[in-house]
Amino acid sequence: MIDLKNIEMIYDDNGTKINALKVKDLKVEDGEKVAFIGSSGCGKTTLFNLISGMITPTKGNVIVEDIDITTLKENERDLFRANHIGYIFQDFNLFPDFTVLQNVVLPMSFSKRYEKGEMEKEAIAMIKRVGLEKKLDQKVKTLSGGEKQRVAIARSIVNKPNIILADEPTGNLDYKNGAKIMELILQIAKEEKATLLVITHNNSQLDMFDRSINIEELNEAIK
Ligand SMILES: Nc1ncnc2c1ncn2[C@@H]1O[C@H](COP(=O)(O)OP(=O)(O)O)[C@@H](O)[C@H]1O
Ligand SMILES: [Mg+2]
């Protein structure tokens, strides 16, 4: 379960305080598929960065699978993220000069799940699942947007996360490719029995989820 309690995130931008997020209570049960909506700047990415432990809140607790990640040291949070969270970014966050296979293998070395010899085999299996087996040794910079997002999906699941976060995964894709990518993410989350949290602006996709949460309404910092 994901359980956020009395969260406040105040950024410090060269001395200027930015009240980005204030949420009293937010719970997501194991296996739920939840869409997060709300206009630009309302705190959606901040929320995902808190859940993944990329940032720590100014106040409050972030409890993920019974661990209060706000109490962890940075290296412990990095290990927690590698083992529990698959993060799919809007802008892919891939290494353009690395091949598809190299990009997918990379996060495997951060978790302690695999022996060195197993990594490549497992990575290839994941790349097959997203339909890119013919592009294994191709550099990521030569791929289309939809293909890059498939690499990002494969990379996000190599460490068998219980939680998949996808931040506007179809934001940079055309309608048809966007729909395909969203279907693939939902299918993979189902197969992996993972909890799935997706930020989306596409209202036509909302009925694919168990529920949707509007961060603009939940966020007391912007009321
Ligand atoms: N690293 C940061 N430093 C300062 N302000 C930030 C930082 N990241 C986000 N913000 C601010 O926090 C607010 C919420 O941003 P964000 O979570 O990215 O919103 P969304 O993803 O909903 O568009 C915005 O006002 C944004 O400018
Ligand atoms: Mg955002």
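Rules and cut-offs
Residues numbered from 1 in each chain as written. Chains lettered and ligands numbered in written order. Predicted model: local features only at pLDDT ≥ 70, side-chain atom pairs only at ≥ 80, totals over all residues. Heavy atoms only, no water. Helix = DSSP H or I, 4+ residues; strand = E, 2+ residues; numbered from the N terminus. Rg over C-alpha atoms; globule rule 2.2 N^0.38 Å. Buried < 20%, exposed > 50% of the residue type's maximum accessible area, 1.4 Å probe, protein only. Areas by Shrake-Rupley, 256 points an atom, 1.4 Å probe, with all protein chains shown as cover. Near = heavy atom within 4 Å. Polar contact = N/O pair within 3.5 Å; in protein donor to acceptor, adjacent residues only side chain to side chain. Contact = heavy atoms within 4.5 Å. Pairing = 2+ DSSP bridges. Axes fitted to C-alpha atoms, helices over the stretch in contact; angles between N-to-C directions. Phe/Tyr/Trp six-rings, centres within 6.5 Å; stacked < 30°, edge-to-face > 60°.

Caption draft 1: Geometry of the overall build of the protein. For the protein, the count of helices and strands is seven helices and nine strands. A compact globule built from 223 residues should have a C-alpha radius of gyration of about 17 Å, and the protein, at 17 Å, falls within 12% of that. Along the longest, intermediate and shortest principal axes, the C-alpha atoms of the protein span 50 × 40 × 35 Å. Across the 223 residues in the protein, those meeting the buried criterion constitute 49%. Accessible surface, the protein as shown: approximately 11,100 Å² in total, 47% of it carbon and sulfur.

Caption draft 2: Spatial organisation of the site of ligand 1. If you check the shell around ligand 1, you find Tyr11, Ile18, Ala20, Ser39, Ser40, Gly41, Cys42, Gly43, Lys44, Thr45 and Thr46 and nothing else. Separating an oxygen atom of ligand 1 from a backbone N or O atom of Gly43 is a distance of 3.0 Å. Within the side chain of Thr45, one N or O atom sits 2.8 Å away from an oxygen atom of ligand 1. Here ligand 1 has 560 Å² of accessible area as a free molecule, and 62% of this is covered by the chains. When residues of the shell around ligand 1 are traced back to their parent elements, those giving at least two are strand 2 (16-28) and helix 1 (44-51). The leading source of residues in the shell around ligand 1 is helix 1, at three residues.

Caption draft 3: Highlighting helix 2 (residues 74-84). Listed in full, the buried residues belonging to helix 2 are Arg77, Phe80, Arg81, Ala82, Asn83 and His84. Residues of helix 2 that are buried in the fold lie against helix 1, strand 4 (59-64), strand 5 (67-68), strand 6 (85-88) and strand 7 (163-167).

Caption draft 4: Up close: the sheet that holds strand 1 (residues 2-13). The four strands are arranged 2-1-4-5 in an open sheet whose pairing can be described as antiparallel. Only two strands of the sheet have a single partner each, and these edge strands are strand 2 and strand 5. With two bridges connecting them, strand 4 and strand 5 associate as antiparallel partners. Bridging across to strand 5, Ile63 finds its partner in Asp68. Lying over the sheet, helix 1 contacts strand 1, strand 2 and strand 4, oriented at roughly 115° with respect to strand 1.

Caption draft 5: A look at the packing of aromatic side chains. Under the criterion given, the structure shown has four aromatic pairs. Summarising the aromatic geometry, the rings of Phe48 and Tyr87 are spaced 6.4 Å apart at their centres and angled 65° between planes, so their arrangement reads as edge-to-face. Highlighted residues: Phe48 in helix 1 and Tyr87 in strand 6, separated in sequence by 39 residues. Owing to a relative accessible area of 0%, Phe48 belongs among the buried residues under this scheme. Linked through ring pairs, Phe36, Phe48, Tyr87 and Phe89 together constitute an aromatic cluster.

Caption draft 6: Looking closely at the pairing of strand 2. Here strand 1 pairs with strand 2 via 11 bridges, running antiparallel. Of the residues in strand 2, the one forming a bridge with Met9 is Leu21.

Caption draft 7: Structural context of the sheet that holds strand 6. If you trace the five strands from one edge of the open sheet to the other, you get 6-7-8-3-9, paired in parallel fashion. Of all strands in the sheet, those bounded by a partner on one side alone are strand 6 and strand 9 (211-214). Sheet twist, expressed as the average angle between the axes of neighbouring strands with direction ignored, equals 20°. In terms of strand pairing, strand 3 (residues 33-37) meets strand 9 through four bridges, oriented parallel. Residue pairing across strands places Ile37 opposite Asn214, the latter belonging to strand 9. Lying over the sheet, helix 2 contacts strand 6 and strand 7, oriented at roughly 80° with respect to strand 6. Each of strand 6 and strand 7 is contacted by helix 5 (residues 145-157), which is oriented at about 170° to strand 6, the strand it contacts most.

Caption draft 8: Expanded view of the pairing of strand 3. Within strand 3, four of the five residues are buried, which leaves it mostly tucked inside the rest of the structure. Direction of pairing for strand 3 relative to strand 8 (residues 195-199): parallel, over a ladder of four bridges. In the strand pairing of strand 8, Lys33 is matched with Leu196.

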